[in-house]
Amino acid sequence: MMKKSLAAIIGILFCITANSQEINAVVTRQDKNNNGWYRLSSQPSAVLGENDAISIVVNGQTKETYTLSDDNTLTILFGSAINEEVNTSNLTVSHPILIQSNGILNVSGTMTNTKAEDLIIEDGGQLVTGSSVHATLEKGITGSTPSKASDVNWYTISSPLAAENTAFANVTNLIPSSGVTGTDYDLYRLDETNGEWVNSRLSTGANPDFKTLDKGIGYIYHNKANTELEFKGATNADNVAVNLTSTGSKGNGFNLIGNPFTQNIQLSDVVSQGEAELADGFYVLTNQNTWGTKLTDSEIKPLQGFLVQATTAGNVTISKPTSSSKGERSNEQSTNIEIIVSNSSYTDNAYAMFGEGIGLNKVSHRNAEAPMLYVPQDGEDFAIAFMDENTTIFPVSFKAMTTGSYSISLKATDDVSTLVLVDNMTGTETNMLLEDSYTFIGSPRDNENRFTVKLKISNSQDENEHFAYQNGNELVINGEGTLQIFDVLGRVVVSEEVHGQTVNVGGLNTGAYIVRLTGESVKTQKIVVR
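Here the residue index of a chain counts from 1 through its sequence in written order. The predicted nature of this model means local features are confined to residues of pLDDT at least 70 and side-chain atom pairs, given and counted, to a pLDDT of 80 or more, with totals for whole chains, interfaces and linings taken over all residues. Hydrogens are left out, water is left out, and the side-chain values use all remaining heavy atoms of the structure.

Asker: Go over the overall build of the protein chain with me, naming the residues and quoting the values.
Answerer: Numbered from the N terminus, helices here are DSSP runs of H or I no shorter than four residues, and strands are runs of E no shorter than two. Broken down by element type, the protein chain carries one helix and 51 strands. When accessible area is computed with a 1.4 Å probe and restricted to protein chains, residues below 20% of their type maximum are described as buried, those above 50% as exposed, and intermediate ones as partly exposed. Residues counted as buried form 52% of the 530 residues belonging to the protein chain. Here a residue-residue contact requires only that any non-hydrogen atoms of the pair lie within 4.5 Å. Looking at the protein chain alone, contacts between residues at least 24 apart form 63% of all its contacts between residues at least 6 apart. For accessible areas, the Shrake-Rupley method is used with a probe of radius 1.4 Å. Any residue's cover is judged against the shown protein chains and nothing else. As displayed, the protein chain offers around 23,300 Å² of accessible surface, 43% of which is attributable to carbon and sulfur atoms.

Spelled out as structure tokens, the structure:
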């Protein structure tokens, strides 16, 4: 993502005069809660330096003039919308700023804002600052009144406000007009110790304390009507302590916690403060009401809850990152294979990880019609399973909830040089390095031990570098050794010794092939002959 300074964003969003040179552009109004947002319909360019006098011109009329001081402190004098990554050191907000769903505002120094309505962060937008500022964070909710429980639109929510406990009434539109005990919504928290979901609408009875949204805790929510939740107030800028429970067979250690910040976090930001131990990976609730499996370095948005598994109970701290999390903080993953199954309505996934780690047990979806995919291991079912790097075969279980057509695909890191899916029911073997997916008919009556994966992991880090490319009817080979080309059925169609030369592939049919070069090391690459 291209980064810009805040001054450059102002230059793009508004017609400006810089150093007495006017840059013309048509400015049109964009309403956002009647706060007076303006946006350019064309994008001028300007180079703005320190102490440049800048005038904002709307439809030919100068609205405001301001100066970018030499310490890069900028005072906003008119509304602006941010839809990309913007950087500044210090910022005082005196007129509205809108951070849109793809926008990131990075403030490395001090930020000041006293009116929540002057700083609006849409769902998916990020504010990265060490300061607690007044803001409004929005989360859109699509209403649902389905006849089947599986069709309810569920969302996870989490408070980004500084208050330890946020009263329901302080979240705009959280409680419908029917009131706290009405039936137009549902708001649940997860009670791991009893292995059950607790509904706030029933909190006057057995659970009288469930009347607030607690910082660092996640909740699931649905509303019968389309609505937009608004968290207004001072934002949280401090690390948050959360106690995780793990009671074995009841809750199996699953705790729904939440992102307490105005920026993305990762699971690596959840740090144990003693005995607590977490499984590697977590779940997020998808728009299909399924629990989607995520690896440790996946992003968790503001206002989002996420499901973690504590293998040992204890306290953890959700630490505030020092930078935005648009993939820049991601750590390189170990060798892994993602297995994905889908039908016309639903998708499920699981991972096989090769190396050391703590597996993430599989959980049932909130949607009873969604299929289940998992890796059985030592009598347990895993959404993320860890196994030895020398593994050459492992089982994959599949449970269909409805009869129909399904497709399964495998995505592997580059160091997996052999990847074959075996359908144990039909005996079909599919080379998944050549095929995008395997389609089959599944039924709830089928044996769940449906699939087996055969694989080979390369020993050399550079073993699967690109060493061959097609030039017309010739395949140019960078390297020496025995060259073999395999078709989709695994048959050798070309085999010869090469010494940095070309190989004629004009006689091969159009399609995908695996090229293997065996010399000082074994290199494997997929090619498509055209």
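The rest of the description comes next.
Asker: So, unusual backbone geometry: which residues are in play, and what are the values?
Answerer: Phi angles above zero are rare outside glycine, and N252 is one such case at about 55°. Structurally, N252 can be placed in the loop between β26 (240-244) and β27 (254-258). N252 sits in the partly exposed class, given a relative accessible area of 33%. Of note, L303 is a non-glycine position whose phi angle comes to about 70°, a positive value. In this structure L303 comes out as buried when scored by relative accessible area, which is 1%.

Asker: Can you explain the sheet that holds strand β48 (residues 492-499)? Please cite residues and give values.
Answerer: By this definition, two strands are paired if DSSP reports at least two bridges between them. One open sheet accounts for four strands, arranged β48-β47-β50-β51; its pairing is antiparallel. The open sheet terminates on both sides in strands that have one partner only, identified here as β48 and β51 (522-529). On average, each strand axis in the sheet is tilted by 20° relative to the strand beside it, whichever way the strands run. Here strand β47 (residues 480-486) runs beside strand β50 (residues 511-518); their pairing, made up of five bridges, is antiparallel. Under this scheme, a helix contributes an axis fitted over its contacting stretch, all axes are lines through C-alpha atoms, and angles between N-to-C directions fall in the 0 to 180 degree range.

Asker: Give a description of the sheet that holds strand β21 (residues 185-191) that names residues and reports values.
Answerer: Strand order in the open sheet formed by four strands is β18-β24-β21-β22, and the pairing between neighbours is antiparallel. Of all strands in the sheet, those with a lone pairing partner are β18 (155-157) and β22 (196-199), marking the two edges. Neighbour-to-neighbour, the strand axes of the sheet open up by a mean angle of 35°, direction not taken into account. Sheet analysis places β21 next to β22, joined by four bridges and oriented antiparallel. Across the sheet, Y188 pairs through a bridge with N199, a residue of β22.

Asker: Mind laying out the pattern of salt bridges, listing which residues take part and the relevant values?
Answerer: Two side chains with opposite charge may pair up if their charged atoms get near one another. Here a salt bridge means any side-chain nitrogen of Lys or Arg lying within 4 Å of a carboxyl oxygen belonging to Asp or Glu. This model, assessed by the stated rule, comprises eight salt bridges. Among the salt bridges present, the one from E230 reaches K232, with a minimum N-O distance of 3.6 Å. Exposure remark for E230: the relative accessible area of 11% places this residue in the buried category. For K232, a relative accessible area of 43% gives the class partly exposed.

Asker: Any chance you could break down the pairing of β21 for me, citing the residues and the numbers?
Answerer: The buried count for β21 comes to five of seven residues, which makes it a mostly enclosed element. As consecutive antiparallel partners, β21 and β22 are separated by four residues, and within that stretch G195 has a phi angle of approximately 65°, a positive value.

Asker: Provide a residue-level description of the nonpolar core, including the pertinent values.
Answerer: Counting residues in each nonpolar core, the largest one holds 33 residues, and the members touching the most others are L105, M111, L174, L187 and L213. A per-element tally of this core places strand β17 (residues 134-141) first, with three residues. Beyond its immediate sequence surroundings of up to four residues, L213 is in contact with I157, E164, N165, T166, F168, V171, L174, L187, Y219 and F231. Among buried residues, those of type Ala, Val, Leu, Ile, Met, Phe, Trp, Tyr and Cys that are joined through side-chain atoms within 4.5 Å constitute a nonpolar core. Ranked by size, the runner-up nonpolar core spans 27 residues in total, among them I337, I339, A385 and F451.

Asker: Tell me what's going on with the side chain of N223, and back it up with residues and numbers.
Answerer: Within the secondary structure, N223 sits in strand β24 (residues 219-223). Here a polar contact is recorded for every N or O atom pair within 3.5 Å, except that within protein the pair must consist of a potential hydrogen donor and a potential acceptor, and residues adjacent in sequence are included only if both atoms are side-chain atoms. Polar side-chain contacts of N223 include one of 3.0 Å to the backbone nitrogen of A225. Dropping the residues within four chain positions of it, N223 is found in contact with I141, T142, G143, S144, N173, L174, P176, D184 and Y185.

Asker: Give me the lowdown on the packing of aromatic side chains, citing residues and values where you can.
Answerer: Only the six-membered ring of Trp is used, alongside the rings of Phe and Tyr, when aromatic pairs are assigned; centres must lie within 6.5 Å, and planes under 30 degrees apart are stacked while those over 60 apart are edge-to-face, with the rest tilted. Considering all chains together, one arrives at 13 aromatic pairs under this definition. Aromatic pair F398 and Y406: ring centres 5.1 Å apart, planes at 70°, arrangement edge-to-face. Considered together, F398 and Y406 belong to a single accessibility category, that of buried residues. Look at Y406 and F440: their rings are 5.9 Å apart centre to centre, the planes differ by 25°, and that puts the pair in the stacked class. One end of the pair, Y406, is in strand β40 (residues 404-412); the other, F440, is in strand β43 (residues 438-442), and 34 residues separate them in sequence. On the basis of relative accessibility, which here comes to 1%, the residue Y406 falls in the buried class. In textbook terms, an aromatic cluster arises when at least three aromatic residues are bridged by ring pairs, as seen for F398, Y406, Y438, F440 and F451. The ring of W154 carries the charged tip of R366 above its face, separated from the ring centre by 4.7 Å. Placement of a charge over a ring requires the Lys NZ or Arg CZ to be within 6 Å of the ring centre, with the centre-to-atom vector within 35 degrees of the ring normal. Geometry around W197 places R366 over its ring, the cationic atom sitting 5.4 Å from the centre.

Asker: Help me get a handle on the pairing of strand β37 (residues 372-377), residues and values and all.
Answerer: Two faces, one strand: in a regular strand the side chains alternate between the faces of the sheet. Sheet topology note: the β37/strand β39 (residues 393-399) ladder contains three bridges and is antiparallel. Bridge pairing in β39 links M372 to K399. Here three bridges tie β37 to strand β38 (residues 380-387), and the two strands are oriented antiparallel to one another. Bridging across to β38, Q377 finds its partner in E380. If you look at the hairpin formed by β37 and β38, you'll find two residues sitting between the two strands, and D378 has a positive phi there, around 55°.

Asker: Any details on the confidence of the model for the protein chain? Residues and values, ideally.
Answerer: Of the residues in the protein chain, 80% reach a pLDDT of 70 or more, and the chain-wide mean stands at 82. Residue-level confidence of the predictor is summarised by pLDDT, bounded by 0 at the bottom and 100 at the top. Across residues 1-78, where pLDDT falls below 50, the model places 189 contacts with residues more than four positions away in sequence or in other chains.

Asker: Before we move on, could you go through the environment of I339 and cite the residues and values that matter?
Answerer: Position of I339 among the secondary structure elements: in strand β34 (residues 336-342). Overall, the relative accessible area of 1% leaves I339 in the buried class. C-alpha of I339 to C-alpha of A352: the two residues are 13 residues apart in sequence and 8.0 Å apart in space. I339 has contacts with D348, N349, A350, A352, L373, V375, F394, V396, I408, S409 and L410, leaving out every residue within four places of it along the chain.

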